[in-house]
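What the coordinates show
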Amino acid sequence: MSGTALPQSRRLMWGPSVGAPLGLLVAFALVVAGCATLLVPEQARADIPSQAVYRLYNQYDGDHLITTDVNEYNSLEAIGWTKEGVQWHAPTTGKPIYRLYNQYNGEHFYTLDKGEYDRLKGKDSRGRVNADNKRNTGHWTGEGVKLYSGGDVPVYRLFNQYATIGTHLYTTKRPEYDSLKGRDRSGNIIADFSRNTGHWTGEGTAFYALSVSTPTSGKAGGDTTKTQRESAKYSYQLYSLDPHGYGAWSGITSPVYIKTNNPDPSSISVTDANGRNIVGYRKPSYADIKYLNSSDAGGDLRKVDGGYVTYVESYVPGAYTLQVREASKSGYVIAATAPVYVNDFDAAKSQWEDLVIQRAVAKAGVGRGSSYEKLKAVADYLLDENGCGFKYLTGASGRLYNYAQEANGPFFLAHRWDSLTSPTIMCELATKIGGFKDVHNCYWDYPRGSGGWMSNHYNCRVTYTNASGQPEERYVHACPSGETGEVSLGAIDLTNTSRLRPISDLGKRVSITQP
């Protein structure tokens, strides 16, 4: 079992926990080299020379790194990075994308604008110094052309004004872009606390990629044929790897085990009934799953005993039909199906908050108490073992791990959260209780990792008028200590399918009746 150790400050300062928050800030680094040889990436357009762009994520400092160097991609996993697979294919020629590196905060920045590149690196193309303190000129080092823009797939850029590192994020995935900037294309608000929604500003298209999907020729799922003309060559059985039966939720990854004797993962795709890929862009490595090939990390399918593990995810609630498609001479055959119902995370969260307030206030007998007394009762109830009994995110021996058997989300079912989600939800609960002059999330008050941040970031601060008619500030929190996340789990025995949950678990509608 591998994992990344918490930084020393986090190991020594548990409780309230300062472990890695769900909404960590992101930075990117692009490194361009030859095309992948170890992995089997999605293919780009055949008529244009291209190279695959891979992405890795470091959950402890929030950094994302994008690279076309397969050796770098594989080696970084060994020191704690999580592979996220091929993000897009870039042309080998076209409009140059310049890269800069800031040695003081570790961030990389990308731009098509040569003038901006010259200003930020402190010197123009003739070597003359340019002073631009607003953009930290002098701290940036120009690294030249590392990528080219070309094609018709937009690569979107977002900006986080609160971040001191990772202020920009780049993605080809429109749902990710919409979710992070807080609103969809119709202007509707999207709440996704695990990805720091509301602090990101969408900046539109930064540059273009050739492709992000598999072409129609010779790949499973690429043919639009509606009539089943052939039978699958191999057998397929589907299982949910969540023993608690939480169901499927919008914005949350659900691991699925595909038991099959098909030895070729490139001939398998997981789609909805319309052929749309429903494998999530977040593909976590689970500490309780024994993966057989490290080279397929970040891919849609990961080789395990008896088959593959995949990841089902959708941001849009509603009913879907999951299809496993097998490549065939005519395009594909539908080898297995299962109903999936994606429950509405935001609606359920709101229902859960209402129930928490009702139960906590009744349990403490403060129905006629002040707003602060009610909020304090809620905080106590969330941590009380006779209430919700919230624990920290899962881990072992001072390290954080993802476990398929012990999911961290949705938090209102798993009763696990961290030092970002807990004050965020406490602030929402305070707003629902009402009666406060101000409700404030302290997570963003200090640079992350500073002394002030360590001692205060997990708090929700409320201001109200006390009995003397004077404004008064109070701090409340429901952040559990890091030790509460410690679990000890062995690897899932995938060969014994009688102990796995049926895939029908992902087809159920979940009602929130208990906090």
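Residues numbered from 1 in each chain as written. Predicted model: local features only at pLDDT ≥ 70, side-chain atom pairs only at ≥ 80, totals over all residues. Heavy atoms only, no water.

**Comments concerning the overall build of the protein**
Applied cut-off: Numbering of helices and strands runs from the N terminus; a helix is a DSSP stretch of H or I covering at least four residues, while a strand is a stretch of E covering at least two. Only protein chains enter the accessibility calculation, which uses a 1.4 Å probe. A residue is then buried if its area is under 20% of the maximum for its type, exposed if over 50%, and partly exposed in between. Contacts are residue-level and defined by heavy atoms, with any inter-residue pair within 4.5 Å sufficient. Calculation of accessible area relied on Shrake-Rupley with a 1.4 Å probe; when residues are assessed, cover is drawn exclusively from the protein chains displayed.
Helices and strands together make up the secondary structure of the protein, namely 9 helices and 24 strands. A burial count over the protein gives 51% of its 515 residues as buried. Counting only contacts in the protein whose residues sit at least 6 apart along the sequence, the fraction spanning at least 24 positions is 68%. Roughly 22,500 Å² of accessible area belongs to the protein as shown, and the carbon and sulfur atoms make up 47% of that amount.

**Section: the packing of aromatic side chains**
For clarity, the threshold we go by: Ring geometry is summarised as follows: Phe, Tyr and Trp rings, the Trp one being its six-membered ring, pair when their centres sit within 6.5 Å, and such pairs are stacked at plane angles under 30 degrees, edge-to-face over 60 and tilted between the two. Whether a charge lies above a ring is judged from NZ of Lys or CZ of Arg, which has to be within 6 Å of the ring centre and within 35 degrees of the ring normal.
The tally for this structure, following the rule as stated, stands at 21 aromatic pairs. A centroid spacing of 6.3 Å and a plane angle of 20° characterise the contact between tyrosine 286 and tyrosine 311, whose relative ring orientation is stacked. With tyrosine 286 in the loop between strand E14 (268-271) and strand E15 (302-304) and tyrosine 311 in strand E16 (residues 307-312), this pair connects stretches of sequence that are 25 residues apart. In this structure, tyrosine 286 and tyrosine 311 share a single accessibility class: buried. Grouped by ring-pair contacts, the aromatic residues Trp249, Phe345, Trp352, Phe390, Phe411, Phe412 and Trp417 constitute a single cluster. Looking at arginine 302, its charged tip hangs above the ring of tyrosine 291, at a distance of 3.7 Å from the centre. Sitting over the face of the ring of tyrosine 308, lysine 303 holds its NZ or CZ atom 4.9 Å from the ring centroid.

**Examining the nonpolar core**
As a reminder of what qualifies: For this analysis, a nonpolar core means a set of buried residues of the types Ala, Val, Leu, Ile, Met, Phe, Trp, Tyr and Cys, connected via side-chain atoms within 4.5 Å.
Formed by 39 residues in total, the largest nonpolar core has its most connected members in Trp352, Leu382 and Met426. Secondary structure elements with two or more residues in this core: helix H5 (345-364), helix H6 (371-383), helix H7 (411-414), helix H8 (421-433) and strand E22 (460-465). At 8 residues, the largest contribution of residues to this core is made by H5. In contact with methionine 426, other than residues within four places in its own chain, are Leu375, Ala379, Leu382, Cys460, Val476 and Ala478. If you look at the next biggest cluster of nonpolar residues, it comprises 33 residues, including Tyr239, Ile289, Leu301 and Tyr308.

**Some thoughts on the confidence of the model for the protein**
We apply this condition: For every residue, the predictor states its confidence as a pLDDT score lying anywhere from 0 to 100.
Of the residues in the protein, 77% have a pLDDT of 70 or more, and the chain-wide mean is 79. Mean pLDDT across the elements of the protein ranges from a minimum in helix H1 (residues 8-12), with 26, to a maximum in H6, with 97. A low-confidence stretch, residues 184-197 (pLDDT under 50), is modelled with 40 contacts involving residues beyond four sequence positions or located in other chains. Here residues 213-227 scores under 50 on pLDDT; set against residues more than four positions off or in separate chains, the count is 27 contacts.

**Topic: the sheet that holds strand E17 (residues 318-328)**
Selection criterion: DSSP-based pairing: two strands are paired if at least 2 bridges between them are found.
Spatially, the 4 strands line up as an open sheet ordered E12-E18-E17-E14, and their pairing is mixed. Single-partner strands in this sheet number two, and they are strand E12 (248-249) and E14.

**A look at the packing of H5 against H8**
This is how the line gets drawn: Interaxial angles span 0 to 180 degrees and are taken between N-to-C directions of axes, which are lines fitted to C-alpha atoms, for helices over the stretch in contact. When describing relative orientation, an angle under 35 degrees is termed roughly parallel and one over 145 degrees roughly antiparallel, while 65 to 115 degrees is termed roughly perpendicular and anything else oblique. Handedness of a crossing follows from how the near helix is turned relative to the far one, being left-handed for an anticlockwise turn of less than a right angle and right-handed for a clockwise one. Residue classes follow a fixed rule: Ala, Val, Leu, Ile, Met, Phe, Trp, Tyr, Cys and Pro count as nonpolar, while Asp, Glu, Lys and Arg count as charged, and any other residue, Gly among them, counts as polar.
Where H5 contacts H8, the axes come no closer than 10 Å and their chain directions differ by 65°. In terms of their interaxial angle, H5 and H8 are classed as roughly perpendicular. The element H5 and its partner H8 pack so that their crossing is right-handed. Between H5, through Lys349, Ser350, Trp352, Glu353, Asp354 and Ile357, and H8, the contact on the second element is made entirely by Ile425, Glu428, Leu429, Lys432 and Ile433. Here the contact of H5 with H8 is built from residues that sort into 5 nonpolar, 1 polar and 5 charged.

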